[in-house]
Amino acid sequence: DARVTQTPRHKVTEMGQEVTMRCQPILGHNTVFWYRQTMMQGLELLAYFRNRAPLDDSGMPKDRFSAEMPDATLATLKIQPSEPRDSAVYFCASGLVWWEAFFGQGTRLTVV
Amino acid sequence: DAKTTQPTSMDCAEGRAANLPCNHSTISGNEYVYWYRQIHSQGPQYIIHGLKNNETNEMASLIITEDRKSSTLILPHATLRDTAVYYCIALNRDDKIIFGKGTRLHILP
């Protein structure tokens, strides 16, 4: 069945390295979200796209984070340079109607 | 968007109905009530939403009070697989989804 696919599922990297997380939304979904989840902050919305155009990225630290949708089948979230405080689970979600978003399994990022 | 208040945690016996309350006393007329849940180590999952009428689908029922200041999500026959964090969110259809702390529901065997 259709699902949102995120890669990698786990990533361990050293502080200062670039990290790229990828998301394949469900075919036909026109809205894509990026969320970050930590124990302290819970689920935070980082950015979202509609029809591949960024609508809101106010939740994202602009100096090091960037989100793009190079085409309808791929969304990327990049961190450069990464820091230990970026350690979290990053979720991508897509939807046809925005409120019924389907979430991926997440990428667990550990920055050491 | 309206702030919601949920109990931190709840227990429910397997096979019984799980009733999860949510207060949204500042909800405005065009804000809907949405429920999501997150099972451990998975992404959140949409359950149901409503505006002012009660709603039912294959997963749950949503009961919204007449004044719309509170609602209850009902899982009619809870199973162990329903153990999760349940999020109640109130916002209008142009807003982005902001998750709070939710209710941690434990289904007891």
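Look above for the structure.
Since the model is a prediction, treat every value here as computed from it, not as a measurement.

## Things to note about the overall build of chain A
A tally of helices and strands in chain A yields zero helices and eleven strands. Its helices and strands in sequence order give chain A the pattern β-β-β-β-β-β-β-β-β-β-β, from N to C terminus. Relative to the compact-globule value of 13 Å for 112 residues, chain A shows a C-alpha radius of gyration of 13 Å, a close match. The 112 residues of chain A split such that 46% are buried. Across chain A, contacts joining residues at least 24 apart in sequence account for 52% of those joining residues at least 6 apart. Counting every atom, chain A has about 5,700 Å² of accessible surface; 51% of that belongs to carbon and sulfur. The distance from the centre of the 12 positive side-chain charges to the centre of the 12 negative ones in chain A is 3 Å.

## Considerations on the environment of Tyr32(B)
Residue and element names in this part refer to chain B. Tracing the chain through its elements places Tyr-32 in strand E3 (residues 31-38). Residue class for Tyr-32 comes out buried when judged on its relative accessible area of 17%. Along the chain, Tyr-32 and Ala-84 lie 52 residues apart, while their C-alpha atoms are 22 Å from each other.

Cut-offs used in this document
Residues numbered from 1 in each chain as written. Chains lettered and ligands numbered in written order. Predicted model: local features only at pLDDT ≥ 70, side-chain atom pairs only at ≥ 80, totals over all residues. Heavy atoms only, no water. Helix = DSSP H or I, 4+ residues; strand = E, 2+ residues; numbered from the N terminus. Rg over C-alpha atoms; globule rule 2.2 N^0.38 Å. Buried < 20%, exposed > 50% of the residue type's maximum accessible area, 1.4 Å probe, protein only. Contact = heavy atoms within 4.5 Å. Areas by Shrake-Rupley, 256 points an atom, 1.4 Å probe, with all protein chains shown as cover. Lys, Arg positive; Asp, Glu negative; His and termini not counted. Charge placed at Lys NZ, Arg CZ, Asp CG, Glu CD.

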